[in-house]
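Here are the chains, one letter per residue:
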Amino acid sequence: METNSTRSGIELSPVYGPTEPDDHYRDRFGDPGEYPFTRGTRAYTGRGWIQRELSGEGDARRSNEQFKYLMDLGQTGLDVIGDSPTMSLMDPDHPLARYTVGTQGVSLCRHDDYRELLDGIPLDQMSISSSSPSMFMVASLFLLAKERGVDPGLLRGSVIEWPFYSEHCSYAYKMPFDLHLRMSCDVIEFCSEEMPRYHGFLEDTYFFSEAGLNAVEEAALGFVEIRHITRTLLKRGLDIDSFAPRIAILTNCSMDFYEEIAKIRAMRRIFARMMKDEFGARDPRSQAVNIAVHTSGLSLTTEQPANNIVRGAVQTVALGLAGVSALEISTFDEGYRTPSKEAHLVGLRTQQVVDLETNINSVQDPFGGSWFMESLTDDVEARILAMVEDIESRGDPAELVSSGFFKQFFHGTMGRYHHQVHDGEVTKVGMNVHQMPAEEDTLLRDISEEKIEPLFGRVEGMKEYRAGRDQQRLFASFRRLHDVIQSDENMMAAVIECTQAGATMGEIAGIMREAWGTPYDPYGYLESPLVDRS
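Criteria and cut-off values
- Residues numbered from 1 in each chain as written.
- Predicted model: local features only at pLDDT ≥ 70, side-chain atom pairs only at ≥ 80, totals over all residues.
- Heavy atoms only, no water.
- Helix = DSSP H or I, 4+ residues; strand = E, 2+ residues; numbered from the N terminus.
- Rg over C-alpha atoms; globule rule 2.2 N^0.38 Å.
- Buried < 20%, exposed > 50% of the residue type's maximum accessible area, 1.4 Å probe, protein only.
- Contact = heavy atoms within 4.5 Å.
- Lys, Arg positive; Asp, Glu negative; His and termini not counted.
- Charge placed at Lys NZ, Arg CZ, Asp CG, Glu CD.
- Expected span 1.5 Å × (residues − 1).
- Arc of directions from axis to C-beta.
- Core = buried A, V, L, I, M, F, W, Y, C linked by side-chain atoms within 4.5 Å.
- Pairing = 2+ DSSP bridges.
- Axes fitted to C-alpha atoms, helices over the stretch in contact; angles between N-to-C directions.
- Phe/Tyr/Trp six-rings, centres within 6.5 Å; stacked < 30°, edge-to-face > 60°.

**Digging into the overall build of the chain**
Summing up its helical and strand segments, the chain has 22 helices and 9 strands in all. Taking 24 Å as the expected radius of gyration for a compact globule of 534 residues, we find that the chain reaches 23 Å, a close match to that expectation. Along the first, second and third principal axes, the C-alpha atoms of the chain reach 75 × 60 × 50 Å. Put simply, the chain has 534 residues, and 57% of those count as buried. A separation threshold of at least 6 residues defines the contact pool for the chain, and within that pool the share at least 24 residues apart is 76%. Between the centroid of the 52 positive side chains of the chain and the centroid of its 83 negative side chains there is a distance of 3 Å.

**Describing helix α17 (residues 405-422)**
The terminal C-alpha atoms of α17, which comprises 18 residues, lie 26 Å apart, in line with the 26 Å expected from a rise of 1.5 Å per residue. Regarding α17, the residues found buried are Phe406, Phe410, Thr413, Tyr417, Gln420 and Val421. Down the axis, α17 shows its buried residues gathered within 90° of arc, on one side only. When the buried face of α17 is taken as reference, the exposed residues oriented beyond 90 degrees from it are Gln408 and His422. Residues of α17 that are buried sit in contact with α6 (166-169), α8 (206-209), α9 (215-235), α15 (371-393) and α16 (397-403).

**Looking at the nonpolar core**
Ranked by internal contacts, the top residues of the largest apolar core, which has 132 residues, are Met275, Phe406 and Met512. The greatest single-element share of this core, amounting to 10 residues, is contributed by helix α5 (residues 134-148). Ignoring any residue separated from it by four or fewer positions in sequence, one finds Met275 in contact with Ile226, Thr230, Ile240, Ala244, Ile247, Gly280, Ala281, Ser286 and Gln287. The next biggest cluster of nonpolar side chains, apart from the first, holds 5 residues, and it includes Ala97, Val101, Leu455 and Val459.

**Topic: the sheet that holds strand β3 (residues 77-80)**
Sheets are built from strands that pair by backbone hydrogen bonding, the pairs being arranged parallel or antiparallel. With parallel pairing, 9 strands are arranged side by side in an open sheet as β1-β9-β8-β7-β6-β5-β4-β3-β2. Since the sheet does not close on itself, it has two edges, and those belong to β1 (50-51) and β2 (54-55), each with one partner. Pairing of β2 with β3 involves 2 bridges; the strand directions are parallel. Bridged to Leu54 within β3 is Asp79. Lying over the sheet, α5 contacts β4 (127-130), β5 (157-161) and β6 (198-204), oriented at roughly 150° with respect to β5.

**Digging into the packing of aromatic side chains**
One pass over the full model with this rule turns up 20 aromatic pairs. Centre to centre, the rings of Tyr35 and Phe37 are 6.3 Å apart; their planes meet at 85°, and the pair counts as edge-to-face. A relative accessible area of 4% means that Phe37 is categorised as buried. Between Phe164 and Phe406, the aromatic rings sit 6.2 Å apart at their centres with planes inclined by 70°, giving edge-to-face as the arrangement. Here the residue Phe164 occupies a position in the loop between β5 and α6, and Phe406 occupies one in helix α17, the gap between them amounting to 242 residues. In this structure Phe164 comes out as buried when scored by relative accessible area, which is 1%. Of the residues examined, Phe406 reaches a relative accessible area of 1% and is grouped as buried. An aromatic cluster is built from Trp162, Phe164, Tyr165, Tyr173, Phe177, Phe207, Phe208, Phe405, Phe406, Phe409 and Phe410, whose rings are joined through pairwise contacts.

Below, the structure is given as structure tokens:
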């Protein structure tokens, strides 16, 4: 429904606000597209959000088929998730990876995989986001653009930077913190110069918020990481306006309908003021942060999985009202697996129904000016800022990572959430209220419980792949990378050189660790390829 009127013919204004805005309104709210962007980062366009579903299963070719299936259904952006080995910087033939290859995402470890993954995808027309390790995604995406004759400056999408929290509540890189932080900063700097439309700095608060965090805790920890990475980049001599326009945030969305809307409004305002007042950003684009959302997997249940469809729809409405830039729904089988074909269809159609049938995009920030919503937004904002101040008052956030402060914090939130559900403080229909006997709980269960088998053939194929490479070129690239790690030079050029030479992600990560003075393989199974070639 593309209209600015109701079904009854009542005309709607794209934005509602005071007839004569005063300084208080301009300082606290502003119209959409105006500082401090509480009400939205863009003036009214009549368009909705980028609609996508998290994708990735098996090998690159199978995942490419998923992409094209979703694009045929009307998906307007891609989002890729790697399998557990990929997300842990581990090649599929690592001894610890064998039984998980391709089972919880797509297996990606070499440039050929990215060629297959994005075969037939118009790189300069489709927004391509990825949760897989950023340095390797950006290197291959940059090379693919060059190979296809596409200007890398036209690429759009995002990659996640998560040096602070990934080791404690997600996929562990087994990288020293300082090295992981440098990798993130190198990617951001590279993208600001070579891929200026690409979001090389996506702050992902979703993944750690699934450790049982509430909205305030999620946002506060996100801003702690954003602030530290920003300070690190400024110390390198980068101008804030060279990279801040391409900072984005991927948040979670729980079932707390009003608080999630208030959280997004508060985060836009906090970001704008932080960039302008603290970091001196002058470009309005540096102050207006794009917020994308992945709805909460933690809010879903394995009991009565059909109920999860309703949860996704409610969260989609909240996010439409909040004015997010992109959205993906955790689908009904989230408690069991990465999305099935049927779950992808339901998730995408949920977004499309809300977008096209409800008139939700006719008015921006419809809660703007509401006594309730503005009070809640102010309260959420104040609590976020107070928590950021409290954490930073404890010392350098980087030192807090090393001391285990955040690890202990996440352990506490996980335990707290478990008790809240167990005690009924958090209501879960089908789980702790309105339960159903297991023999009756059959709707959608057959689809949800369908297993994805490991790709043993891919594991075996890696031996042949490794033997077929130009060994002289490969080891020359390894030595170059080793030297760069021990200097202050940006690593991206050396990583791209290794990628072109056929190096795998696991090999590159191992050389990085080794050059940093830590074991090539943190698990102790593999030996560095440079051992006998020093």
